[in-house]
Amino acid sequence: MIQVLDRGYVRLENKMGSDLTIVNSARVSYDKKSEELTEKDKGLIRFLIREGHTSPLRHAMMTFEIYAPLMVARQWWKYVVGSDHTMDSWNESSRRYLSEDEHFYIPGSHEWRGKPANSKQGSAGPVDTILGISLTDNLLRHIDSSMELYRMALEDGVAPEQARLFLPAYGMYVRWYWTASLQAVLHFLDQRLEHDAQKEIQLYAEAVEQYVTREFPEVYQAWRDQR
Ligand SMILES: Cc1cc2nc3c(=O)[nH]c(=O)nc-3n(C[C@H](O)[C@H](O)[C@H](O)COP(=O)(O)OP(=O)(O)OC[C@H]3O[C@@H](n4cnc5c(N)ncnc54)[C@H](O)[C@@H]3O)c2cc1C
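Computed from a prediction, not measured in an experiment: that's the story for all the values here.

Attention shifts here to the environment of Tyr150. When you line up the elements, Tyr150 lands in helix α4 (residues 129-155). Owing to a relative accessible area of 0%, Tyr150 belongs among the buried residues under this scheme. Sequence-wise, Tyr150 and Pro168 are 18 residues apart; in three dimensions their C-alpha atoms are separated by 10.0 Å.

This part takes up the site of the ligand. Taken together, the residues surrounding the ligand are Lys78, Tyr79, Val80, Val81, Gln121, His187, Gln191, Arg192 and Asp196. Within the contact set of the ligand, an oxygen atom lies 2.9 Å away from a side-chain nitrogen or oxygen of Lys78. In the model, an oxygen atom of the ligand is placed 2.6 Å from a nitrogen or oxygen of the His187 side chain. Protein contacts shield 41% of the accessible area of the ligand, which totals 940 Å² for the unbound molecule. Among the residues forming the shell around the ligand, the class breakdown is three nonpolar, three polar and three charged.

Take the pattern of salt bridges next. Taken as a whole, this structure holds 13 salt bridges when the rule is applied. Taking the shortest distance from any N to any O, the salt bridge between Glu215 and Lys15 comes out at 3.3 Å. Taken as a pair, Glu215 in helix α7 (residues 199-215) and Lys15 in strand β2 (residues 8-16) lie far apart in primary sequence, 200 residues in all. Of the residues examined, Glu215 reaches a relative accessible area of 16% and is grouped as buried. Members of the salt-bridge network, linked through shared partners, are Arg11, Glu13 and Glu65.

This next bit is on the pairing of strand β3 (residues 61-69). Walk down a regular strand and you will see the side chains alternate between the two sheet faces. Taking burial as the measure, the nine residues of β3 include nine buried ones, the bulk of the element. Taken together, the seven bridges between β2 and β3 define a ladder with antiparallel strand orientation. Looking at β3, one finds that Lys15 is bridged to Met62. As paired strands, β3 and strand β5 (residues 173-181) are joined by nine bridges and run antiparallel to one another. Residue Ile66 lies in a different strand from β5, and its bridge partner there is Trp176.

Bringing the packing of aromatic side chains into the picture now. This model, assessed by the stated rule, comprises ten aromatic pairs. A ring pair is formed by Phe64 and Tyr211, whose centres lie 6.1 Å apart and whose planes are at 55°; its orientation type is tilted. Of this pair, Phe64 sits in strand β3 while Tyr211 sits in helix α7; the two residues are 147 residues apart in sequence, bridging distant segments of the chain. Owing to a relative accessible area of 0%, Phe64 belongs among the buried residues under this scheme. Summarising the aromatic geometry, the rings of Trp76 and Tyr204 are spaced 6.2 Å apart at their centres and angled 75° between planes, so their arrangement reads as edge-to-face. Separated by 128 residues along the polypeptide, Trp76 in helix α3 (residues 70-76) and Tyr204 in helix α7 bring together distant segments of the chain. Here a set of aromatic residues connected by ring pairs shows up, and it is made of Phe64, Trp76, Tyr79, Trp176, Trp178, Phe188, Tyr204 and Tyr211. Over the face of the ring belonging to Tyr67 we find Arg175, whose NZ or CZ atom lies 4.2 Å from the ring centre.

Time to look at the sheet that holds strand β1 (residues 2-4). Within the open sheet, the five strands sit side by side as β1-β2-β3-β5-β4. Their pairing is antiparallel. The sheet is open, and its two edges are formed by β1 and β4 (91-92), each paired on a single side. Pairing between β4 and β5: two bridges, direction antiparallel. Opposite Glu92, over in β5, you have Trp176 as the bridge partner. Along the sheet, α7 contacts β1, β2, β3 and β5; its crossing angle with β2, the most-contacted strand, is approximately 30°.

How each quantity is defined
Residues numbered from 1 in each chain as written. Predicted model: local features only at pLDDT ≥ 70, side-chain atom pairs only at ≥ 80, totals over all residues. Heavy atoms only, no water. Helix = DSSP H or I, 4+ residues; strand = E, 2+ residues; numbered from the N terminus. Buried < 20%, exposed > 50% of the residue type's maximum accessible area, 1.4 Å probe, protein only. Near = heavy atom within 4 Å. Polar contact = N/O pair within 3.5 Å; in protein donor to acceptor, adjacent residues only side chain to side chain. Areas by Shrake-Rupley, 256 points an atom, 1.4 Å probe, with all protein chains shown as cover. Nonpolar A, V, L, I, M, F, W, Y, C, P; charged D, E, K, R; others polar. Salt bridge = Lys/Arg side-chain N within 4 Å of Asp/Glu carboxyl O. Pairing = 2+ DSSP bridges. Phe/Tyr/Trp six-rings, centres within 6.5 Å; stacked < 30°, edge-to-face > 60°. Lys NZ or Arg CZ within 6 Å of the ring centre and 35° of its normal. Contact = heavy atoms within 4.5 Å. Axes fitted to C-alpha atoms, helices over the stretch in contact; angles between N-to-C directions.

What follows is the structure, given as structure tokens:
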């Protein structure tokens, strides 16, 4: 498990395939199979990626368990192609059933970023320390008062699926499983490791990248070299 932000993480739940799977799914065209990865196979991986022959990358899959603020989950959910939620298998904790304790992403006083000068999205460097302290303090108070209203609604017998309207949702942690082909995972990394992606999802992408590097070292190196 790789820790991300104050309470989040990425964990590789399952994977199917290896560098060799990519090689063999390409070599099947010639009725050939490698038992272990040779230098020639590594060359084939580079060739496939360089020439955009991506279908072999779709014979490998990864399933991650992710615990992240809802704002990150929402951005992640947009990766539709090659992700299993095209077949409705994005599984996420549900606050309709009060399935787990509420946790919220609370940036530390030194973690608040300013608005960028020349762009509508992204962020600039850290805000000054005094402002950072008061922002963290304000957020904590905001969460406390929201939680009080939420609990009051529950005590009054309101259905959990509606009482949750009182929760400050953007920063609330949710947990989900994401299953995707290696190609879809690489596409996610292409976009979300970039400097223009939101910092929080960049940190999650770095955790995913560590697993991809560990499980598919040759493919990932070839992919990176090609970027
Ligand atoms: C920095 C940044 C800012 C963003 N800001 C916003 C925003 O303000 N609002 C917003 O709604 N989204 C925003 N997004 C999300 C973005 O629009 C994409 O939905 C998201 O990045 C997923 O990428 P994708 O569409 O390539 O992925 P997928 O939908 O998984 O598609 C993967 C690839 O498949 C191909 N493909 C997909 N569908 C088709 C099709 N119908 N026909 C042919 N080829 C297809 C494309 O090559 C595509 O790149 C942002 C993304 C980033 C990285």
